[in-house]
Amino acid sequence: MFWGPFAEGRNNFFHNETLLKIASKYKRTVAQVALRFLTQEGVIVIPKSVNKERMIENFDIFDFKLADEDLKKIRTLDTKSSLFFSHYDPDLVQMLINYAKYSVCKW
Ligand SMILES: NC(=O)c1ccc[n+]([C@@H]2O[C@H](COP(=O)([O-])OP(=O)(O)OC[C@H]3O[C@@H](n4cnc5c(N)ncnc54)[C@H](OP(=O)(O)O)[C@@H]3O)[C@@H](O)[C@H]2O)c1
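Student: Would you explain the packing of helix α1 (residues 17–26) against helix α2 (residues 30–40) in this entry?
Tutor: Helix-helix packing is described using two parameters, namely the angle between the two axes and the distance between the axes. At a minimum axis distance of 8 Å, the contact between α1 and α2 shows a crossing angle of 95 degrees. Relative to α2, the element α1 lies roughly perpendicular. Taking contact as the criterion, the partners of Leu 19, Leu 20, Ile 22, Ala 23 and Tyr 26 in α1 are, on α2, Val 30, Val 33 and Ala 34. Grouping the amino acids of the contact of α1 with α2 by side-chain chemistry returns 8 nonpolar, no polar and no charged.

Student: I would appreciate a short explanation of unusual backbone geometry in the present structure.
Tutor: Leaving glycine aside, a negative phi is the common case for residues, and trans is the common case for peptide bonds. Unusually for a residue other than glycine, Asn 11 sits at a positive phi of about 55 degrees. Here Asn 11 lies in the loop between β1 (2–3) and α1. On the basis of neighbour counts, which here come to 12 C-beta atoms within 10 Å, the residue Asn 11 falls in the exposed class. Not every positive phi belongs to a glycine, and Asn 12 is a case in point at roughly 55 degrees. Along the chain, Asn 12 falls in the loop between β1 and α1. Judged by local crowding, Asn 12 falls into the exposed class, with 9 C-beta atoms found within 10 Å.

The rules behind the values
Residues numbered from 1 in each chain as written. Predicted model: local features only at pLDDT ≥ 70, side-chain atom pairs only at ≥ 80, totals over all residues. Axes fitted to C-alpha atoms, helices over the stretch in contact; angles between N-to-C directions. Helix = DSSP H or I, 4+ residues; strand = E, 2+ residues; numbered from the N terminus. Parallel < 35°, antiparallel > 145°, perpendicular 65-115°, else oblique. Contact = placed C-beta atoms within 7 Å. Nonpolar A, V, L, I, M, F, W, Y, C, P; charged D, E, K, R; others polar. Buried ≥ 20, exposed ≤ 12 C-beta atoms within 10 Å, placed from the backbone.

These figures come from the coordinates and say nothing about function on their own.
See below:
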């Protein structure tokens, strides 16, 4: 499962050259290519939009398929590090433990 499938727009996500080229090839948007890519990779996506047209656009990804060559190009964009935080960071792990211990959250 993947929240933030557009990286919250960080790193100029919607203007990424590779994604723009692939979007143009399929006559789709960058958002649709990203969601289609993740779906084809077997990832459940949770995109967020407050805009009705974009919500409709984000659902409209089930009538096209990205070719292997395009999946490969998109995979190269993976920097192997989170834009948000690392669960391997001891300070973050400690913070989460403290949060669980002292909050009403019982997980
Ligand atoms: N990021 C986190 O830390 C986190 C953690 C837990 C749960 N979640 C949940 O996961 C979901 C993911 O949302 P997110 O905000 O984190 O990141 P996201 O889905 O990667 O990005 C949302 C951003 O993309 C824009 N957007 C959405 N569809 C678009 C489209 N078709 N074209 C252009 N821009 C588009 C949205 O703008 P508009 O709204 O203006 O369309 C918003 O600025 C949310 O429900 C969130 O509550 C997130």
